[in-house]
Amino acid sequence: MIEVSLLGTITATEVFLDQLKAAAHADIVNISSVAGRRAEPGGGVHAATKWGVNGWSESLRLELKPKIRVTLIEPGGVATELPRCLRRDEAPAIRGARGPGAPGRAGVLNAVHPRAN
């Protein structure tokens, strides 16, 4: 989970960073979770990766502004396979979770693209 959620986000950004810096304007959009602000029992590793994405995004925002805009999207409860990965007695309740295909269910962890003027 750490390799994909946190290190994958960092690596994907670093791969495109030189191209983004060369553009007149650009955007970096990172996908995190409310778990990056509030941990739940049994979700420590998930929360740690999302806190990491939040910190990475904030650092980038400060380092790259105003030329590169950094946006962090933090969806709430989304029906995914995550609760099945946690121990049943520790899995956080997902109230009002949206089903597959709903906003926030994207498989893309990091979207990086030049901004059109």
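Data block above holds the structure.
Quick summary incoming for the structure in this document. This one's a predicted model, so the numbers in the text were calculated from it and none came from an experiment.

1. What about the side chain of Ser-57?
Among the structural elements, Ser-57 can be located in helix H2 (residues 44–64). Overall, Ser-57 belongs to the buried group, its relative accessible area being 0%. At 2.8 Å, the side chain of Ser-57 and the backbone oxygen of Val-53 are in polar contact. Setting aside residues up to four positions removed in sequence, Ser-57 forms contacts with Asn-30, Val-70 and Leu-72.

2. A word on the packing of helix H1 (residues 2–22) against H2
Where H1 contacts H2, the two axes come as close as 8 Å, and the packing angle between them is 15°. By the criterion of interaxial angle, the relationship of H1 to H2 is roughly parallel. For H1 against H2, the interelement crossing comes out right-handed. Contacts between H1 and H2 involve Ile-2, Ser-5, Leu-6, Thr-9, Ile-10, Thr-13, Glu-14, Leu-17 and Lys-21 from the former and Val-45, Thr-49, Lys-50, Gly-52, Val-53, Trp-56, Leu-60 and Leu-64 from the latter.

Basis of the calculations
- Residues numbered from 1 in each chain as written.
- Predicted model: local features only at pLDDT ≥ 70, side-chain atom pairs only at ≥ 80, totals over all residues.
- Heavy atoms only, no water.
- Helix = DSSP H or I, 4+ residues; strand = E, 2+ residues; numbered from the N terminus.
- Buried < 20%, exposed > 50% of the residue type's maximum accessible area, 1.4 Å probe, protein only.
- Polar contact = N/O pair within 3.5 Å; in protein donor to acceptor, adjacent residues only side chain to side chain.
- Contact = heavy atoms within 4.5 Å.
- Axes fitted to C-alpha atoms, helices over the stretch in contact; angles between N-to-C directions.
- Parallel < 35°, antiparallel > 145°, perpendicular 65-115°, else oblique.
- Left-handed = near helix turned anticlockwise from the far one by under 90°.

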